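# Coordinate analysis (summary)
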Amino acid sequence: MTSPSPTPALPEGLWDAPVVLAATPIGNLSDATDRLRALLASAEIIAAEDTRRTRHLCQALGVSPAGRMVSLHEHNEAARAAEVVAAAAEGTRVLVVSDAGMPGVSDPGFRLVTAAIAADVGVTVAPGASAVTTALALSGLPTDRFTFAGFPARKGAERRRLVRRLVNEEWTTVLFESPHRTAATVAELAEQLGAGRHAAVCRELTKKHEEVLRGTLGELTEQLAEREVRGEVVLVIGGAEEPEEEATAEELAAEVLRRTEAGVKLKVAAKEVAADHGFSSRELYDAALSLRGAS
């Protein structure tokens, strides 16, 4: 009689916290980590955005999950989070995954994390692929400072607030958008932010048909009007140009005096400089007199 194969030992530190949020591939399955495979195989509960897609992922990765799989999506997360966290509090190993990328980033997971924190249940993350940082890196736009705004509201006051904010936003902004709304959103941004603002449309990231369109919002509007957009889309919008620092009254007073040295009368010079910089001519006149007296 053949004895059963011993259960493989879990990697050290794999379940130091009872709740683990794990990033899944956003397209290319080769981006799956060994840690993700081990977590899927050993979790006692897998809270998945779509259980069918997670089962397909496990099959594609050659993983046989030992635990039970439950759904955790936008419509049931509030109730399901309490149930899952209660199980984790008793020592159950809980893995949280979304359809692609990191749970909690425009995907279910946020409410579960806050519930775990409130219950003093340990939570950690198994990092991996991210559509946000992948698109940002590929965009060719500044990456030193950026903000993420998720999916724009389809219409209404929330969408208008976002667009108004982007008008003066100096940081690069990353947005998610559905393929059938991408062309209209880019056209709207070109109209509201200016056709010259630089941007990138990234689609099917890490997949066979990955594509990145780069250019101004005006150029991208023209390109998208002539084609059908397919696949997962990430928009990266360049920041607004930083406004020039306003000159002080003292600095402008020095300019007024330089003009008087060229033969312009003081009052005339003060009016000219004030008109160029939006200052009061009287303020610059007085500042120039004070500066002249101090020299």
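The structure under discussion appears in the preceding block.
Here goes a summary of the coordinates provided. (Residues numbered from 1 in each chain as written. Predicted model: local features only at pLDDT ≥ 70, side-chain atom pairs only at ≥ 80, totals over all residues. Heavy atoms only, no water.)

## A closer look at the packing of aromatic side chains
Think of a pair of aromatic rings as described by two things: how far the centres are apart, and how the planes are tilted against each other in angle. Applying the stated criterion across every chain, the model contains two aromatic pairs. With centroids separated by 5.0 Å and ring planes inclined at 65°, the aromatic side chains of phenylalanine 148 and phenylalanine 176 adopt a geometry described as edge-to-face. On the criterion of sequence distance, the pair formed by phenylalanine 148 in strand S6 (residues 146-148) and phenylalanine 176 in strand S7 (residues 172-177) is long-range, its members being 28 residues apart. By relative accessible area, which is 29% here, phenylalanine 148 ends up partly exposed. Aromatic rings pair up to connect Phe148, Phe151 and Phe176 into one cluster. (Phe/Tyr/Trp six-rings, centres within 6.5 Å; stacked < 30°, edge-to-face > 60°. Helix = DSSP H or I, 4+ residues; strand = E, 2+ residues; numbered from the N terminus. Buried < 20%, exposed > 50% of the residue type's maximum accessible area, 1.4 Å probe, protein only.)

## A look at the side chain of threonine 260
With respect to the secondary-structure elements, threonine 260 resides in helix H9 (residues 249-261). We classify threonine 260 as buried; its relative accessible area is 18%. Among the polar contacts made by the side chain of threonine 260, one reaches the main-chain carbonyl oxygen of leucine 257 at a distance of 2.6 Å. Sequence-distant contacts of threonine 260, that is, excluding residues within four places in its chain, are made with Lys265, Leu266, Ala269 and Arg292. (Polar contact = N/O pair within 3.5 Å; in protein donor to acceptor, adjacent residues only side chain to side chain. Contact = heavy atoms within 4.5 Å.)

## Notes on the sheet that holds strand S8 (residues 198-203)
A sheet is described by the order of its strands in space; here five strands give the open sequence S6-S7-S10-S8-S9, paired in mixed fashion. If you trace the sheet from one side to the other, it starts and ends with S6 and strand S9 (211-216), each paired once. The sheet shows a mean angle of 20° between the axes of neighbouring strands, taken without regard to direction. Together, S7, S8 and strand S10 (233-237) form the strand contacts of helix H7 (residues 179-193), whose direction differs from that of S10 by roughly 10°. (Pairing = 2+ DSSP bridges. Axes fitted to C-alpha atoms, helices over the stretch in contact; angles between N-to-C directions.)

## Observations concerning the nonpolar core
Judged by nonpolar contacts, the single largest core of 20 residues is most densely connected at Trp15, Ala22, Leu39, Leu40, Ile46, Leu61 and Leu95. Looking at this core element by element, the count peaks at four residues for helix H1 (residues 34-42). Excluding residues within four positions of it along the chain, alanine 22 makes contact with Leu36, Leu39, Leu95, Val96, Val97, Gly101, Pro103 and Ala126. Of all hydrophobic cores here, the second largest spans 18 residues; its members include Leu189, Ala199, Val201 and Leu224. (Core = buried A, V, L, I, M, F, W, Y, C linked by side-chain atoms within 4.5 Å.)

## Quick notes on the sheet that holds strand S5 (residues 123-126)
Sheets are built from strands that pair by backbone hydrogen bonding, the pairs being arranged parallel or antiparallel. Reading across from one edge, S3-S2-S4-S1-S5 is the order of the five strands in this open sheet, with parallel pairing throughout. The open sheet has two free edges, formed respectively by strand S3 (68-71) and S5, since each of these has just one partner strand. The sheet shows a mean angle of 25° between the axes of neighbouring strands, direction not considered. The pairing of strand S1 (residues 19-22) with S5 spans four bridges and is classified as parallel. Among the inter-strand pairings, leucine 21 is bridged to a residue of S5, identified as valine 125. Against the sheet, helix H3 (residues 77-89) touches S1, strand S2 (45-48), S3 and strand S4 (94-97), its axis set at about 150° to S3.

The values reported here are purely geometric and, on their own, carry no functional implication.
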